[in-house]
Structure formats: structure tokens, C-alpha cells
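Breakdown of the fold
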Amino acid sequence: MTASTIIVGLDGGEAGARALDFAMTQARLIGDCELKLVYVIEWSPFSFQTSEENDQRHKRREEELALARERIVDPAVKKAGDKGVTVQGIVKHGDVADILDDLAKKHGAQQIVVGRVGLRGLKERMFGGVTGRLAVASRVPLTIIP
Amino acid sequence: MKNFLTTGVGAAAASALPMVASAQEAVGMDQRINDIFAGSTGWFVNLIFMSLPGTNFPWIVLWLVVAASVFTLYFGFIQIKAFWHAISLVKGDYSDPDDSGEVSHFQALTTALSGTVGLGNIAGVAVAVGIGGPGATFWMILAGLLGMASKFTECTLGVKYRNEYADGTVSGGPMYYMTKGFKERGLPLGGFLAIVFSIFTIGGALGGGNMFQANQAHAQLAGIIGDYPGWITGIVFAAVVFSVIVGGIKSIANVTEKIVPLMGVIYVGAALIILIVEYDKIGWAFGQIFEGAFSGLGVAGGLVGALIQGFKRAAFSNEAGVGSAAIAHSAVRTKEPVTEGVVSLLEPFIDTVVICTMTALVITISGVLVMDPETGRFILNEAGTAIQTVDGSSGVQLTSAAFATGFSWFPYVLALAVILFAFSTMISWSYYGLKAWTYLFGEGKTKEIVFKVIFCLFIVVGAAANLGAVIDFSDAMIFAMAVVNITALYFLMPIVKREMKSYFARLKSGEIKKFVD
């Protein structure tokens, strides 16, 4: 059991990589610190589906989880592990902001680190973006990496 | 079964092929399709709607109502007891966060609803009120409330006895509880019932789930664009459905699945606005509904006519006891089959008690049904088969005319809604039919495509045939499913009761907890 935990949001892209780099530096500075690298597959239990999608859902979910692990989380875990950081990878379905916040609360994390995604213009204004929503709702300190 | 299929497919093929060849014979072609169709299905329709000896009361209506009442009493008014728990389940209060990404209760419910909410609520209700008068609404609501218990029974069993395959896909439905459930109780003939049920399900998929939809979508289009041959609509629809179910073009289905709920909201919203504007007539309309329910008020067939129409349309609209919902609900992720049964009882409530009632109220209030100003009774049309309407319309056009009294532009919205509802219902039923088909013939790409092609051909037949012949066949097939399904439910209901008692006991003791704080 490590003394301190940092939740890192991955997105499979450049923003997530920046967040990971920053968190790794932090972890080395703190010393006794575990990183939890989280990738969230966007999913709402209140979306509308066809019957065919429903009966394939369990299979698809397994496939999505496996793919996310293989492509995104495992390489990130390996990268951090190679640098000597204690690290765990987590893949979940749901709303990114909700899941990151819930996991932070559940694991008693000291902070959440996410990269800022370049949402611009109308889209940003309408949906606020994940970082925006986290900044408003997060129950633990949040670091946004530009 | 062979017979049914070959005549059905033969009729479809015989009429579909030459049709493409010469467009000039269009009207004659519609007539030919209709004749072949009515001729090959009439005997079955007569059997299902046979009256009880010495009355004009069809035995099938009694069958459904007795079953729904038996389930209501046997499960101690589960539809009232578990109503709030159902809403709590749909909200996801009891869903394990570790299961996120699996099919939720909400998704299972809305998928099943998209198969039932549709033309039954718009056209079916207009047919019921047009023939049976406003009084039919009362019996429709009663049938909807009782039907909630039937739905609970079949959906609990559907989840309990579904097949989960090694690759993670699931198949469920009455076929599976008939075979597995009967075996568990040591009863014979489960396999036989499953086969008969599957045959009727294929019929229901081609009838109510396909031809009736195509037919009414065409009627709606023809009402707006002007009259043109039905097979044209049929071919267009068939092509789109084909591209989704055979071509696997998910985007079309996805778009529909998103617009359909919106259409539902717009429909109910428009109905509510009309009711609010005419609020002073609501009391009068309910008066008509209650009075009509018990006195007949000069409608076709009198009191019994109102009752039969109400029950028939409710069953056709919410499909309680039919078994189709058990197929749709079985994909949910839950450790407790009872939870899905509880969620499913919201379906007849939303479909019949809320949406159908709104349609009926709007039709009643709008004054599209012609009344004798002196006696306050409805005037029958010349043939004496239905109440005379302002413009002589029936079915979906009657609903359209009723809504147009409030919003003159509404027929356009309704046309779009009808087409989208028809489309989403077809997609749902193509799945139910396919499940029955693969149960009979086994899974496999070629076998599945054969069914899907037959399904698309029937869209053309449905769009070209007359409403009367199509509605009779659709009703007959869907009720035939209910005959087999309810028989099985009677034998399996002790299992549901055991599950229900155990679940609610654990819920009460706190063993089953909410996951949200």
C-alpha cells in the first residue's frame, strides 16, 4: 500500500501522454506514490440500442475492454513501469468525468491529472469538454496539463 | 408449417417479380397482390377470431383478458406493488457499476418499447375508437393495466431461461423457456410448443411487425403526396430495411433509434398541448369514455363491440402475453431475472395507459367522430361497420385529422413519425422473426439471409394490400403467438412466483442494495 495515489486520465492521444509524463514526474518527486492510469470508453446506460446490438453487447464490451488495454493502457503502464513508478491500469465504460472522479474518491487519490484536449469553438461551448466538467465537479484536486 | 411458408413466399415472389416489369399495370397489380394475400390467409384469420358459441365474442379476446387477470391475482397486483421499484431499476439505482458497458435496464426497456410503440398507438387506437367509440378506450386502459402482469411473467422467464453462448451473445424468448422451463418442471411437449410458437412468431413478424407497418406508412404518404400505387412505397421501404438488416448499414438503424424517441416525445407533447387547449372538454371526453364503456352509445356492435375493440387494440399495441417482449428483454445484464420482469411491466403502462389514451382523448375531443346533435349518439357509416367520421377516414388518417384540428401542420409531423415508427418496428420484428427462424432452422449466415430476404419481400406485399386484409392477418398471427405463449406461462408461473418471493424478500431484508448513495 502506497501512501499516495494519483489518477491519470488517458485518451489514447497526445493529451493523455502529456498527463502521464507530468504524473510520472510528480510520482518520482513524491517517492511513495502509485499511479492509476485510467482509460474510459464513452458509454451511457441511457442510450438507445437495437435488439441486435443488445444481444451482441456483452461480446462487444469484452472486445472493447481488450482493445483499450492492448492499445492504450498496457503501453502506458509499461512506459511508467520502466521508469520505476508503481502503476496500475484501469479500463472502464461510462462518462469520463464521472468515472475519473469516482475512482479518485474510491482509491483515496490525492489528485487527478488530465491533459487538456483542444476542443474549440461551438463544440466546447455546448458540451464544456471533459476537463471543463471535471474542473466543476471533481471532489479531489485536479491538475490540467495544457 | 411448410405449407404456410411456401404459400406465403410463393405469393410474395409471384407478385413481386412481374411487378417490376411493367409499371403501367400498377393498380391492377395492387389488386392482384391483395387477392392472393387475402385468399391464402383467410381461413387462419377465421379460426383465430371464431366467436364463442352463441355469441359474437371472439374467444381469443377472452383468452387474453383471463390470462392477464389470472397473472394479476396470482402475483398479488405486482403492477401496483412493484411500480416504483421498476422506475428505480430503470434509473440504474440497483445497477452494479462494475457492469457498466453492458445492456442496462433502460436500454432493454427502450429497445422493447421501440418495437411496440408505433402504429398500434396511432392507427390502432383510431381503428378501435372508430369502430368501438370512445368507450373502447376504457377497456383498452383496463387491458393495458392487466397486461402489465402478463408482461412481468413472460419477461422474468425470458431472462431466466435465455441461452448465453460462449462468444458472449445471448438468445432468449418464449422458445427457450418453453423447452428449458418445461424440462425443469418435468412437463412434456415443451419442445413442441416452442416450435409452434416460433412458426407464429415468424408470421407475426411478417404481419403486424411488417405488412401492417408498411401498409399504414403507405396510407400516410399517399394522404399527403396524393394517391399512388402501394408497391412503390413497398419497394423503397424494402430497400432501406434490406440495407440495414442484410447490408448491415448500422448508421440508418442508429439514426432511427435516436429520432424515434424524439418523435414519441413530440407526439405526446402535441397531444398534451391539444388537451390543455381544450381542457374544458376533457371531463366530457372521460364521460364519453366511461358511458361508452358500459352502454355502447350507438357504436358498431354496441357494448360488446367497444369491449372487443378496446381489448384487441390494447393487445396488439402493447403485445402483453404475446411473447415478443420476452425476446427483446432477454439481453439485459442482471443476476436477477425478476428485475427485468419488473422493468418490463412499465411497457404496457407507457404504451397503452399513457400513449394510447392520449390518442383516444385527442380523437374524442377533436370531434372527428360524427355525432347526432339531438341524441348525443354517434352516427354509423352507411355500411354500419364503424362510426362515421368527418372526412370518411379511418386508421392513421383519422388520428391525423384529429390532430390537425389543433395544429394544421401536424399531419406532416405525423407522417414522418409514422414512417419512422413503422421503420423501427420493422427492424425490431425482423429480429424477433429471425430469432424464431434460427430456433427452427439453426443459426448460420445463409439461413439468416433467406429469412431477411423473405421479410423484405413481405414489405412490398404489405404496402400493396388493403388495410382490412392486412390488419386481419396481423392480428391473427400475433394472437396465435399469445395462444401458445400464455399456455406455457400458466405452466411456468409457479417458477416466477418463487423467484419473485425470493427477490422481494432479499430486497426487503437489505441483502439487495442500491449502488448509488
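Note that this is a predicted model, so its numbers are computed, not measured. (Residues numbered from 1 in each chain as written. Chains lettered and ligands numbered in written order. Predicted model: local features only at pLDDT ≥ 70, side-chain atom pairs only at ≥ 80, totals over all residues.)

As for the overall build of chain B
Of regular secondary structure, chain B possesses 21 helices and two strands. The C-alpha atoms of chain B give a radius of gyration of 22 Å, which matches the 24 Å a tight globule of 517 residues would have. Here the C-alpha coordinates of chain B stretch approximately 60 × 55 × 50 Å along the principal axes. The buried share of chain B, taken over its 517 residues, is 56%. Of all intrachain contacts in chain B linking residues separated by at least 6 positions in sequence, the fraction that spans at least 24 positions is 80%. (Helix = DSSP H or I, 4+ residues; strand = E, 2+ residues; numbered from the N terminus. Rg over C-alpha atoms; globule rule 2.2 N^0.38 Å. Buried ≥ 20, exposed ≤ 12 C-beta atoms within 10 Å, placed from the backbone. Contact = placed C-beta atoms within 7 Å.)

Quick word on the packing of helix H9 (residues 174-184) of chain B against helix H10 (residues 190-225) of chain B
Residue and element names in this part refer to chain B. Their axes nearest at 8 Å, the elements H9 and H10 cross at an angle of 175°. One finds that H9 runs roughly antiparallel with respect to H10. Along its contact with H9, which presents Pro174, Met175, Met178, Thr179, Gly181, Phe182 and Lys183, the element H10 presents Gly190, Gly191, Leu193, Ala194, Phe197 and Ser198. Here the residues of the contact of H9 with H10 sort into seven nonpolar, five polar and one charged. (Axes fitted to C-alpha atoms, helices over the stretch in contact; angles between N-to-C directions. Parallel < 35°, antiparallel > 145°, perpendicular 65-115°, else oblique. Nonpolar A, V, L, I, M, F, W, Y, C, P; charged D, E, K, R; others polar.)

Topic: the pairing of strand E3 (residues 86-94) of chain A
All names here are of chain A. Judged from the nine bridges that link them, strand E2 (residues 33-42) and E3 form a sheet pairing that is parallel. Opposite Val40, over in E3, you have Lys92 as the bridge partner. Regarding topology, helix H2 (residues 51-82) serves as the crossover connection from E2 to the parallel E3, and that connection is right-handed. (Pairing = 2+ DSSP bridges. Right-handed = clockwise from strand over helix to strand, strands pointing away.)

Observations concerning the environment of Gly89(A)
Looking at the element boundaries, Gly89(A) is found in strand E3. Residues Gly89(A) and Asp74(A), spaced 15 residues apart in sequence, show a C-alpha to C-alpha distance of 7.0 Å.

Here's the deal with unusual backbone geometry
What is expected of a backbone is that most residues other than glycine have negative phi and most peptide bonds are trans. Residue and element names in this part refer to chain B. The backbone phi angle of Phe77 is positive, close to 55°, even though this residue is not glycine. Here Phe77 lies in the loop between helix H3 (59-74) and helix H4 (78-81). For Leu189, which is not glycine, the phi torsion reads 70° and is therefore positive. With respect to the element layout, Leu189 can be found in the loop between H9 and H10.

Quick notes on the environment of Ile419(B)
All names here are of chain B. With respect to the helices and strands, Ile419 occurs in helix H19 (residues 410-441). As for Ile419 and Asn56, which are separated by 363 residues in sequence, their C-alpha atoms are 35 Å apart. In this structure Ile419 touches Ala217 and Gln220, once residues within four positions along its chain are discounted.

A short note on helix H11 (residues 230-245) of chain B
An α-helical turn contains 3.6 residues, so any two residues separated by three or four positions project in the same direction. Residue and element names in this part refer to chain B. Counted at 1.5 Å a residue, the expected span for H11 with its 16 residues is 22 Å, and the 22 Å between its end C-alpha atoms agrees. For H11, the full list of buried residues reads Gly230, Trp231, Thr233, Gly234, Phe237, Ala238, Val241, Val244 and Ile245. Here the buried residues of H11 occupy an arc of 145° about the axis, which is enough to place them on one side. (Expected span 1.5 Å × (residues − 1). Arc of directions from axis to C-beta.)

Details of the nonpolar core
Nonpolar side chains in soluble globular proteins tend to be buried together. Within the largest apolar cluster, 170 residues are counted, with the highest numbers of intra-cluster contacts made by Trp139(B), Ala143(B), Phe311(B) and Val418(B). If you tally residues by element for this core, the top one is helix H21 (residues 467-509) of chain B, at 19 residues. Of all hydrophobic cores here, the second largest spans 37 residues; its members include Ala27(A), Leu37(A), Ala104(A) and Val114(A). (Core = buried A, V, L, I, M, F, W, Y, C linked by C-beta atoms within 7 Å.)

Considering the confidence of the model for chain B
Note: predicted coordinates in regions of low pLDDT should not be interpreted at a detailed level. Residue and element names in this part refer to chain B. Looking at chain B as a whole, the pLDDT averages 83, with 90% of positions reaching at least 70. Across residues 1-25, confidence stays below pLDDT 50; counting only partners more than four residues off in sequence or on other chains, it has 18 contacts. Both scores are given for the predicted complex: the pTM is 0.85, the ipTM 0.83. (pLDDT = per-residue confidence, 0-100.)

What about the pairing of E2(A)?
All names here are of chain A. Most of E2 is tucked away, with seven of its 10 residues classed as buried. Strand direction decides the pairing type here: strand E1 (residues 4-10) and E2, joined by seven bridges, are parallel. Each bridged residue has a counterpart across the sheet, and for Ile7 the counterpart in E2 is Lys36. On the question of chirality, the crossover connecting E1 to the parallel E2 by way of helix H1 (residues 14-30) is right-handed.

Re the sheet that holds E3(A)
Residue and element names in this part refer to chain A. Taken in spatial order, the five strands line up as E3-E2-E1-E4-E5 in an open sheet, and their pairing is parallel. Strand pairing shows two members of the sheet lacking a second neighbour, E3 and strand E5 (142-145), which therefore form its edges. Geometrically, the sheet is characterised by an average inter-axis angle of 25° between neighbouring strands, direction not taken into account. With respect to the sheet, helix H3 (residues 96-106) is in contact with E1, E2, E3 and strand E4 (111-115), its orientation differing from that of E2 by roughly 150°.

Digging into the interface of chain A and chain B
Taken together, the 21 residues of chain A in the interface contact 27 residues of chain B. Contributing elements (two or more residues each) for the side of chain A that touches chain B: H2 and E3 of chain A. If you tally residues by element for the side of chain A that touches chain B, the top one is H2(A), at 10 residues. In terms of residue class, the side of chain A that touches chain B is made up of five nonpolar, nine polar and seven charged.

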